[in-house]
Every structure is written in C-alpha cells, then in structure tokens.
Amino acid sequence: MKNKLTFLKDQRILLSFVIVAIVAIVAMINPRFIAVKNLITIFQQISVIGILTMAMSMLLISGGIDLSIGNIMVLSGVVMAQIISTSGNVALAVLAGMITAILCGVLNGVVIAKSKCIPLIITLGTSQMFYGLALTISGGRIMSFGGAFNAIGKTKLFNVFPVMLFVLMAMVLVSYVIMNRTKFGRRIVALGGNEKNAFLSGIPVVKYKVIIYGIAGFFCSVAAIIFSARIDSITANAGTGYETNALTAAIIGGVTFDGGKGTISGAFLGCILMGVISNAMNILQVETYIQTIITGAIIVCAVVLSNLNNMKKNK
Amino acid sequence: MVEIDYNNNPILRMNQIKKEFSGVYALSGITFDLYRGEIHCLVGENGAGKSTLMKVLSGAYRPASGSIEVEGKSYETLTPNLSKELGINIVYQENDLVASMNVVENIYVGNEKVNRFGFVKFKEMLEETQRQIEELGIQMNPLTKIENLSVSDQQFVKILKALSVEPKVLIMDEPTSMFNVEDAAKVLKLTKTISEKGIGIIYISHFLNEIQQIADRVTVIRDGAVVNTYQNKNRDIPIATITTDMVGRPVDTFYQKEKQPIGEVLLEVKDLQLKKDSPKISFQVRKGEIVGFAGMVGAGRTEIVRALTGADSKYGGEIRINGRKVEIRNPGDGIREGFAHITEDRQKLGLMLHNSVLENVTIIGLRDKIKGFFIQIKKFPPYVEKLITDLRVKTPSLWTEAVYLSGGNQQKVVLAKWLFIEQEIYIFDEPTRGIDINAKAEFYKQMSGLTKQGKCIIMVSSDMPELISMSDRVLVIRDGGIDGELAGEAITEQNIIKQALGVKKYEE
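Residues numbered from 1 in each chain as written. Chains lettered and ligands numbered in written order. Predicted model: local features only at pLDDT ≥ 70, side-chain atom pairs only at ≥ 80, totals over all residues. Heavy atoms only, no water.

## Thoughts on the overall build of chain A
In terms of helices and strands, chain A carries 15 helices and four strands. In terms of overall size, chain A behaves like a compact globule, its C-alpha atoms giving a radius of gyration of 20 Å where 315 residues would be expected to give roughly 20 Å. Going through the 315 residues of chain A one by one, you find that 51% of them count as buried. Excluding contacts between residues fewer than 6 apart, the proportion of contacts in chain A whose partners are at least 24 apart in sequence is 76%. Approximately 14000 Å² of chain A is accessible, and the part contributed by carbon and sulfur atoms is 69%. On chain A, the mean spot of the 23 positive side-chain charges and the mean spot of the 7 negative ones are 11 Å from each other. (Helix = DSSP H or I, 4+ residues; strand = E, 2+ residues; numbered from the N terminus. Rg over C-alpha atoms; globule rule 2.2 N^0.38 Å. Buried < 20%, exposed > 50% of the residue type's maximum accessible area, 1.4 Å probe, protein only. Contact = heavy atoms within 4.5 Å. Areas by Shrake-Rupley, 256 points an atom, 1.4 Å probe, with all protein chains shown as cover. Lys, Arg positive; Asp, Glu negative; His and termini not counted. Charge placed at Lys NZ, Arg CZ, Asp CG, Glu CD.)

Next comes the structure, spelled out in structure tokens:
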C-alpha cells in the first residue's frame, strides 16, 4: 500500500493543500469569499467546465484527447435550441441534442481508432466541422431556449443548492464509477497505459476507443444543458476556450498526456482550483486583463509543481 | 595480438567505491581497474551493482566514498562532463539513436563538426565515418537511415558513435543481448578490433560463452562487492566457476527438466499461411509437450506465433484445438480459445509500466476470472498474492508500478497475468531474454509445472542451452517456414545452427 499512499501525497493532497491555502488567504483579505453563498457560486461557475473536464480526463487516461469538446457542446446546444424554437418539444430537443453529441464523439472515436492518426490533430479538424455545423444551424444568431431549462438553471433545493450543482456532482460520480469500478474503465486505463499490451491482452481496442469518445460526447451534451440553463441562450462561438480550460484543469489534477495515469478526483480538484482562483480574483477586484495573466502564471506553476517528482526521478 | 602491459599504470582505477541509496549499500567498496587495450568483463546478476558502478563512472552518480583514478590522476567524483573529457564513453543497452536520421548524422549528433561560421561540415563528417567503417571492417552505407538498418547494424552505429569522440575507456553494456549467434560474433570481433587500438573496454554481458571468448580479465560482482577477478589469458576460464560466483551457490547451466508423459494432440496447425506467398506451416503440439522454435532473428518465428494467437492477421490455413476447428481473428479470440502469449519485449508489449503490479496481473483476468460489471480493485489482492509469492516476484507491494521492478521480476509479472487465467496453450517468445539466472530457473520450473498439468508449450528462443534442455522437440524456422524438426538426441546446438543457417542437410 505504501506506494499508493505516496502517490496520493504527490497529487491530490498537494492540490487540496493549495486550494485550502488560497481560500484561507483570500478569506483573510475579504471574508465575503467564504460565505456559503459564494462557495456555492464557485461550484456553479465551474459546473460546465467541470463536466467537460471529466470528459477530457477520461479521454486523456485512455491515451486520447479531444479538442472538439467545446464545439460538440455548442453544436449539441444549438440543436436543442433549434428544436425547442420550432416544435417546443423539450424532451425531443434534449434527446436530439444528446444523440448529436454522442454521434460527434463516436465520429471522433471511429476516425482516431481506425486511422491511428494523432487524436490531437483529428479533433482539431472535427472541431472546425462541428463549429461550422453550429454556425450553419444557428445562422450565427443567438439561439434562445425560451426558458425551457429554467428548472435546472434557477431552481434551488432548500432554497440554497442550485440543481446544476447536483448535475455536476452526478457527472463526477458517474465518471468516477466508470473509471474505477467497472471492468470497462479499468481496461480503458490499460489501453492508455500501453495500447499494444492492451490489444494483446484481448481488449477490443477500436471498440473501446469509440465507446469512450462516445461517452465524452454524452458528457458534452449534459454540459450543453447546464450552459444553456444558466443564460437561457447559446451562440455558435460560445464554446471557444472550453477545451483548453478542461485540458488545463485535468493536467493540473495530475492527469497526463501519456495516458494510463491520473484520477477523476484529481481532475475535479484541478477544476475546483481553477474556479477558486478566478472567483477570488473577482472578489479581490483584480482587473480582467491582469486576471488572465495571473491565471496563466498559476497554471504554469501548478503544472511545474505537480511535475517536481518526475524532475527528481530523472536525476 | 597486442600484449597488454600490466606493469604500466592502469588507465582507469576505481578504489573502494561505495554508494548507498536510502541507507542500503548498492556498492559496498568496489575496486576495479582497467589497462590500455584490455577487455575487462564485468559480470553479475541483475541488481548486483553493475549499472550503478557504471553510472559512477559516467558521472551520473556521486559515490559515497572511494576514488576514481584516470591515467594516474585521482578524483573523488566525476560529473557527466568531466567523465566525457577524461575519455570515458558508454555504449548503452537501450537504443538512443534517432530513427529518422542517417548513420553519419547520428554519430555526430550533439558533437557536430562545424566551420567557423557555425555551419555543419557534413562532408568531413561523412569522410571520417567512412574511414572508421573501413577501419573496423564493417559493411554499411553511412547515408542509410537508422530505421532501415538491421538491429545489429544499429548496434554498430552506437559503437561508432561512442568511438567518434576518441575515448580512452569504452563501456559496453550488454551489446549483444538482442542478437542471434551470427550478429553477436560480429560485435565480438569488432570489440576486439577496438581494444587492439589501445582503448580499454569494460564489457558487461550475461552471455558467459562470449566472455570466455573475448575477456582478458573477468570480474564477478555480487551484492555490490567484488567476488573474484580472474585472468583469462588462454580463453579457458571455467564458466561454472563464474556462475557459482554470480549466484553464490552452484547452478546447473543446463536446467534439468523432469520428463513428462506426452498425451494427445492439443494444438494442430495445418497449412497456415501468413501472407499469400509465404510458405505453408503445419505442425502439432501434444499435451505435456514443449516444442521449441529455433531460428535466426528475423526468420519468422515471432510472426508465426503472433498469427496463431490472433495478434496479426493470417492469409489461410486451419487451427484445431483438441480436434475442434477454431477461428481466431484477434487476441480476444485467441484468449477465448485457450492461448496464452508471453510476448517478447516485456516493456513495449507485455506491461503497463506505469501501472501497478496488481493492475498488470489482472488485466486479462478482468474479463472472465473476475465476475460482475462493477468491480473494486481493492478486492483483487487475494486473487493475486499467491501467484506473486509462488513466482517469487520481488516487489515492495502489489501497488508498486511495474517500471520499478527488475527485468526478471517484470518478466515474472507478464507470466503471472497469463497464469492467472489458466490457459491451455502457452506460447513463450524469448521468455528469459535479459533476465538473471535465478529468474530463468523460476521460468523453467513454471514451464515444467504447466506441462505437468497437461498443458502444452511453444517456446520461441534464441538461447541455445534453454532450447536444448527444455524442448521435447525443436522446429527450426527459416525464411518464414518450418525447415526441419529435431527430437531427442538430435537436439544439439550444432544441428540447430546448421539447419537455421540453411547449411545443406546431407552434406556429410
């Protein structure tokens, strides 16, 4: 057990420590920061990116990556909005949006698994396709949901906890269970660890890749619902930057580019860290432009810090 | 032959070198010297301290105490740069060449010859390489890309690269571990040529025959200390003595396999063709039998077993198991039909290096052995513990990443994952390559155990003693087909090599 514990020390405990430290420091400067209301706001702010981070983490652990998740989310949202505005049938809209997103993921998976090309490049390309599709459907306009998702966006349980918080938690839990408690998940880890070994161990590599990209697509559609629920509308270029933010959160959380490594809980902590930082800067009234610089610097520091062990190892 | 002058000062002398890692002595006072033009072989089991000692020499490690004398000058420790400046260079076991660059570029990478404007003088480097190649008697076009060279030629390039900086001390770490007999002989010859130029060579190898052939002196180390240093002037140092020193107790170099009763035909392969024009392959393996696949590297042995287990596709032919015709399209089918495939190259094919021993062992067993859709890894250890203990895998815990185990223990983990699911037909591809004697013995014991249970084994191997002592029959593979079969007394090294090289069958 010794090694497993040191691993914990390396990644997640370190992250938790950093998060607590930042919270403590900011709270000292401005106590409003740790008001329950603000803490809930933080989670509300990271709900979309959190779900996308789960998708990205699962893909990274499987040895893949998907830079189109931002645009899959947008395309899925646009499809939903289009159907709501034409038919008013919310259930149908949600179903169509989910199917669209899953199909996008499956398309990525099929091309990547069959062509054996680098997923980074393939998904850069498909990302453009999905963006273009979203533009075509929306005609570049802002698409309204007509309050269809208000139940998710505005409702609060016990008048305190927004529903979207529970959606986020549910998705984190689902990805945790998939990766840690199912044979499928363990084999996905194996696939990311060493694809050749996985193949020789009888794992149907192509099928598993397609499935995991499909699952990631599904996560994007859930993110699309949360996204739309918050502002009751969506535009085709709303997804810009989400894929890199999700990637960053996952990497900060100890998921690696090499595959086979990383944890869902770590990635979620990475997400919380990013949320805490951005919220703290708002509260401290740091200028927006400066915020961007600081966010970047913190990301670099966090990644370097989490890599310290590797640096030592190579000596 | 150049006489080595042992009266002169040694070119290199390491005095009482000690090195500890978190309180454990990896080297407990090693003294080792090397003379100009000498080949000094360093042998010892994996983990004996050979690599650590060499890392002290290359400047990667700082010794806890002791001194290093190079040409009479004494140093407390070396740094990588100092080591290079003093003329110490290493040919590493791993391939550190750039596949997409040609021979010349690789040799001079990081050490390019430039003119005064800083531009690379390619022509000069080419000429210099050409001269070296001729001088050493190698056949090679210096403009060939590395990816188009054979494994042995790549090894030559690595050696040429090491020589390009004109070293005084050359360390060769298992330079022949990936080679067949023929190529190994070439490397040995080259090593001798280099030593005759006055360069001192530290030669590390597991192959004791080689060492007997080329060593001027042999030093055996065990548990971080020198056991003995032998002169080998007449090339007759007794191998048994070295092995005894290495393991600390006498070992039979030839494993004594218990004879098993051989049963009915378990695996029948009929007219198997890998590609349209490749030869048809037919053979049978019976219960309790070990069939050895001999042949030169590249003869097609691995390809045949890969086609059998579904790792590669095949063109035609029939496979029957227990008389029943089976269709195998991918490794999943192969596993379902009872194949276990202990692949060559454990690091690339056999393991998830950065996952735990536990995860590695259970990866295949997840499918059928462990029931249910939802699982909890925490509950796996009882499944695996006995297996790991039986195989004597030395690991700090089941949660240790495979990358931290020694080669022998990694290989045992690969075996463990296939023993875990209890298959019928075990295929071993170079099972004991690069692992120490004790781990080898464990493998042979396990193989015997499998045949005792009525399972059958196909063993692809380039290790002659292993082929001869373990196999009930040996099929010699050449040019992708079965060239001959040897059984019983006819399984000798000479017969195998003759057949593998295609020497006329009835020339006597």
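## Section: the pattern of salt bridges
Working definition: two side chains of opposite charge can pair if their charged atoms are close together. Residues and elements named next belong to chain B. Applying the stated rule across the entire model yields 29 salt bridges over all chains. The salt bridge involving R217 is made with D33; its shortest N-O contact spans 3.0 Å. Linking R217 in strand β9 (residues 217–222) with D33 in strand β2 (residues 24–34), this pair joins segments that are 184 residues apart in sequence. Classification of D33 as buried rests on a relative accessible area of 13%. (Salt bridge = Lys/Arg side-chain N within 4 Å of Asp/Glu carboxyl O.)

## Remarks on unusual backbone geometry
Trans is the prevailing form of peptide bonds, just as negative phi is the prevailing case for residues other than glycine. Residue and element names in this part refer to chain B. Here E71, not a glycine, exhibits a phi torsion of approximately 45°, which is positive. Classification of E71 by relative accessible area gives partly exposed; the value is 40%. Phi is positive for D223, which is not a glycine, with a value near 50°. With a relative accessible area of 60%, D223 lands in the exposed category.

## Re the nonpolar core
The tendency in soluble globular proteins is for nonpolar side chains to be buried as a group. Ranked by size, the top nonpolar core spans 149 residues in total, and within it V361, W418, Y426 and F428 of chain B carry the most contacts. The element contributing the most residues to this core is helix α11 (residues 205–231) of chain A, with 15 residues. One finds Y108, I159, F179 and L190 of chain B within the second-largest nonpolar core, a separate group that totals 44 residues. (Core = buried A, V, L, I, M, F, W, Y, C linked by side-chain atoms within 4.5 Å.)

## Focus on the environment of I294 of chain A
Residues and elements named next belong to chain A. Along the chain, the position of I294 falls in helix α14 (residues 288–306). Separated by 17 residues in the primary sequence, I294 and I277 have C-alpha atoms spaced 9.2 Å apart. If sequence neighbours within four positions are ignored, I294 has contacts with M281 and V286.

## Focus on the packing of aromatic side chains
Centre distance and the angle of the planes are the two values used to describe a pair of aromatic rings. Residues and elements named next belong to chain B. Applying the stated rule across the entire model yields eleven aromatic pairs over all chains. Look at Y426 and F428: their rings are 6.4 Å apart centre to centre, the planes differ by 25°, and that puts the pair in the stacked class. Judged by relative accessible area, which is 1%, Y426 ranks as buried. Take F428: its relative accessible area is 0%, and that puts it in the buried class. Taking the centre distance of 6.3 Å and the plane angle of 80° together, the rings of F428 and F443 count as edge-to-face. Placement of the pair is F428 in strand β17 (residues 425–429) and F443 in helix α15 (residues 437–452), with a sequence separation of 15 residues. (Phe/Tyr/Trp six-rings, centres within 6.5 Å; stacked < 30°, edge-to-face > 60°.)

## Thoughts on the pairing of strand β13 (residues 290–294) of chain B
Residues and elements named next belong to chain B. Here β13 lies mainly inside the structure; five of its five residues are buried. Residues I290, G292 and A294 of β13 are buried on one face, and the alternating residues V291 and F293, pointing to the opposite face, are buried as well. Note: β13 against strand β18 (residues 456–460), four bridges, orientation parallel. The residue bridging F293 from the neighbouring strand is V460, located in β18. One ladder, built from four bridges, connects β13 with strand β19 (residues 473–478); its direction is parallel. Each bridged residue has a counterpart across the sheet, and for A294 the counterpart in β19 is V476. (Pairing = 2+ DSSP bridges.)

## Quick word on the packing of helix α5 (residues 151–163) of chain B against helix α6 (residues 181–196) of chain B
Residue and element names in this part refer to chain B. It is at 10 Å that the axes of α5 and α6 come closest, and there the two elements cross at 15°. It follows from the interaxial angle that α5 and α6 lie roughly parallel. For α5 against α6, the interelement crossing comes out right-handed. Across from S152, Q155, F156, I159 and L163 in α5, the residues of α6 making contact are D183, K186, V187, L190 and I194. Of the residues in the contact of α5 with α6, the class split is six nonpolar, two polar and two charged. (Axes fitted to C-alpha atoms, helices over the stretch in contact; angles between N-to-C directions. Parallel < 35°, antiparallel > 145°, perpendicular 65-115°, else oblique. Left-handed = near helix turned anticlockwise from the far one by under 90°. Nonpolar A, V, L, I, M, F, W, Y, C, P; charged D, E, K, R; others polar.)

## Some points on the interface of chain A and chain B
On the side of chain B, 37 residues touch chain A, which itself brings 24 residues to the contact. Ranking the residues of chain A by area buried against chain B places R181, K183 and L200 of chain A at the top, with a combined share of 27%. In this assembly, chain A and chain B are joined by two salt bridges. Across the pair K261 of chain A and E401 of chain B runs a salt bridge, and its minimum N-O distance is 4.0 Å. For the pair chain A and chain B, the number of links is six residue pairs in polar contact (both at pLDDT 80 or more). (Buried area = accessible area lost by both parts, 1.4 Å probe. Polar contact = N/O pair within 3.5 Å; in protein donor to acceptor, adjacent residues only side chain to side chain.)

From the geometry alone we can't say anything about function, so treat these as descriptive.
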